[in-house]
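# Structural features, examined
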Amino acid sequence: MALCSVGRPLLQNTRHALGWFFKQKQTFCCKVHDSQEEEIRKKLQLFPGGSIDLQKQESGIAVMTVNNPARMNAFSGTMMTELEERVCELETWTEGKGLIVRGAAGTFCSGSDLNAVRAISNPQDGMKMCMFMQKTLTRLLRLPLISVALVEGKALGGGAELTTACDFRLMTSDAMIQFVHKHMGLVPGWGGAARLVRIVGSQNALKLLAGSKKVDPDFGKQIGLVDDVLTVGEGNTLVDTERWLSQFTKGSAPVIRAVKKVVLSGRELSLDEALTTERHVFGTVWGGPANLEALALKTKHK
Ligand SMILES: CCC(=O)SCCNC(=O)CCNC(=O)[C@H](O)C(C)(C)COP(=O)(O)OP(=O)(O)OC[C@H]1O[C@@H](n2cnc3c(N)ncnc32)[C@H](O)[C@@H]1OP(=O)(O)O
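Just so it is clear, the model here is predicted, and its values are computed rather than measured.

For the rest of this paragraph, the subject is the overall build of the protein. When its secondary structure is counted, the protein shows twelve helices and eight strands. A total of 302 residues make up the protein; the buried ones form 48% of that total. Relative to all contacts within the protein whose residues are 6 or more apart in sequence, the contacts with residues 24 or more apart total 72%. Taken as a whole, the protein presents about 15,100 Å² of accessible surface, with 57% of it coming from carbon and sulfur.

Shown next, in the form of structure tokens:
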């Protein structure tokens, strides 16, 4: 059997990549009824408050709002389980192309609700809560939608982690992102450190985590955490974000979703596995309606 460069048998590699690809394709609805997860879900339900709101628009862009303004949009337990439900809804939204994640009332999110944190401050419950949020945020990042976090006001702790589960981050000119975990005697646990390293590199991740350094828009852009800055007071930030995102979501949903899948496989798989996946994703759009229309129009790229 032929060996690929990383030493994994080629056939095994192909199977792995295809398994990954079809897992992304299938609509997993949605709750994994694993007993540990069910246990943590039940525990999270004991900490109510706020909501995660989802609006799916005809444009193919959905807006997800972290809504708990009395606590600066901190995540209560029920908001964690609602986030999972909304992600599940988005996994089955086949017309979707883009997603905006934002906070209610002009601020992003102040992390986990400290009242809930105090009540479940033993390591076992902490790890279970982290596992639940890691899984949900990984599914969020893997949606076949191009996602952007609109950061207004503050994104602190778990809120900063949530921004890293989106493909892009936009900040208003007065906004701030801060991984405050160290000041709380913690490290990120919602997958935020692993994702941060992939976005800004380990040197910058160390500065942000070990120094709990405040990230304003200029510094954010400099280190590649922030993709663009919206000037406060100049129009409606949500409309501006939709306009910004539409540069990437214009066009046919199957093609936009295919773009996200090939980029995701490039980011998450070995080169051989990513190449296999890319071929298969290519096969889903080759000869498809958008491809045939472009050929019929004799499209030129001047
Ligand atoms: C995954 C790990 C984590 O996420 S650990 C949590 C990390 N987050 C934090 O430590 C945030 C702590 N909060 C703060 O620093 C401040 O409240 C911030 C967000 C800067 C807002 O300050 P400021 O504008 O002065 O408003 P404030 O302090 O009066 O807050 C308004 C009300 O919101 C509440 N609040 C805020 N954050 C949380 C939170 N994470 N959990 C629970 N409640 C929170 C404040 O307690 C305050 O409530 P109240 O009006 O006093 O009843």
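What follows covers the site of the ligand. Surrounding the ligand, one finds 18 residues, the nearest of these being Ala70, Ser110, Ser112, Leu114 and Gly158. In this structure, Ser110 approaches the ligand through a main-chain N or O atom, which is 2.9 Å from a nitrogen atom. Gly158 is positioned with one of its backbone polar atoms (N or O) 2.9 Å from an oxygen atom of the ligand. For the ligand, whose unbound accessible area comes to 940 Å², protein coverage reaches 57%. At the level of secondary structure, the elements contributing two or more residues to the shell around the ligand comprise strand S5 (154–156) and helix H6 (158–163). In terms of residue class, the shell around the ligand is built from eight nonpolar, six polar and four charged.

In this section: the sheet that holds strand S1 (residues 51–56). Spatially, S1-S2-S3-S4-S6-S8 is the arrangement adopted by the six strands of the open sheet, whose pairing is mixed. Lying at the two open borders of the sheet, with one neighbouring strand each, are S1 and strand S8 (228–230). Each strand axis lies, on average, 20° off the axis of its neighbour in the sheet, ignoring direction. Inspection of the sheet shows strand S3 (residues 98–103) paired to strand S4 (residues 146–151) by four bridges, in the parallel sense. Its bridge partner lying in S4, Gly98 is registered against Ile146.

Tallying each qualifying case throughout the model produces 17 salt bridges. By sharing partners, the salt bridges in this structure join Glu37, Glu38, Arg41, Glu84, Glu91, Lys135 and Arg139 into a single network.

Moving on to the packing of aromatic side chains. For the coordinates displayed, the defined rule picks out five aromatic pairs. For the ring pair Trp244 and Phe248, a centre distance of 5.3 Å and an interplane angle of 75° mean the geometry is edge-to-face. Of this pair, Trp244 and Phe248 both sit in helix H9 (residues 237–249), four residues apart, which is roughly one turn of the helix. The partly exposed category is assigned to Phe248, whose relative accessible area is 31%. Each member of the aromatic cluster is reached from another via a ring pair, and the members are Phe168, Trp244 and Phe248. Above the plane of the ring of Phe219 lies Lys213, whose end atom (NZ or CZ) is 4.8 Å from the centre.

With that settled, consider the pairing of strand S2 (residues 61–67). In terms of burial, S2 is a largely internal element, six of the seven residues being buried. Of the strand pairs in this sheet, S1 and S2 are connected by six bridges, and their pairing is antiparallel. By the bridge assignment, Asp53 is partnered in S2 with Thr65. Since S2 and S3 lie parallel, the crossover through helix H3 (residues 77–91) that links them has a hand, and here it is right-handed.

Basis of the calculations
- Residues numbered from 1 in each chain as written.
- Predicted model: local features only at pLDDT ≥ 70, side-chain atom pairs only at ≥ 80, totals over all residues.
- Heavy atoms only, no water.
- Helix = DSSP H or I, 4+ residues; strand = E, 2+ residues; numbered from the N terminus.
- Buried < 20%, exposed > 50% of the residue type's maximum accessible area, 1.4 Å probe, protein only.
- Contact = heavy atoms within 4.5 Å.
- Areas by Shrake-Rupley, 256 points an atom, 1.4 Å probe, with all protein chains shown as cover.
- Near = heavy atom within 4 Å.
- Polar contact = N/O pair within 3.5 Å; in protein donor to acceptor, adjacent residues only side chain to side chain.
- Nonpolar A, V, L, I, M, F, W, Y, C, P; charged D, E, K, R; others polar.
- Pairing = 2+ DSSP bridges.
- Axes fitted to C-alpha atoms, helices over the stretch in contact; angles between N-to-C directions.
- Salt bridge = Lys/Arg side-chain N within 4 Å of Asp/Glu carboxyl O.
- Phe/Tyr/Trp six-rings, centres within 6.5 Å; stacked < 30°, edge-to-face > 60°.
- Lys NZ or Arg CZ within 6 Å of the ring centre and 35° of its normal.
- Right-handed = clockwise from strand over helix to strand, strands pointing away.

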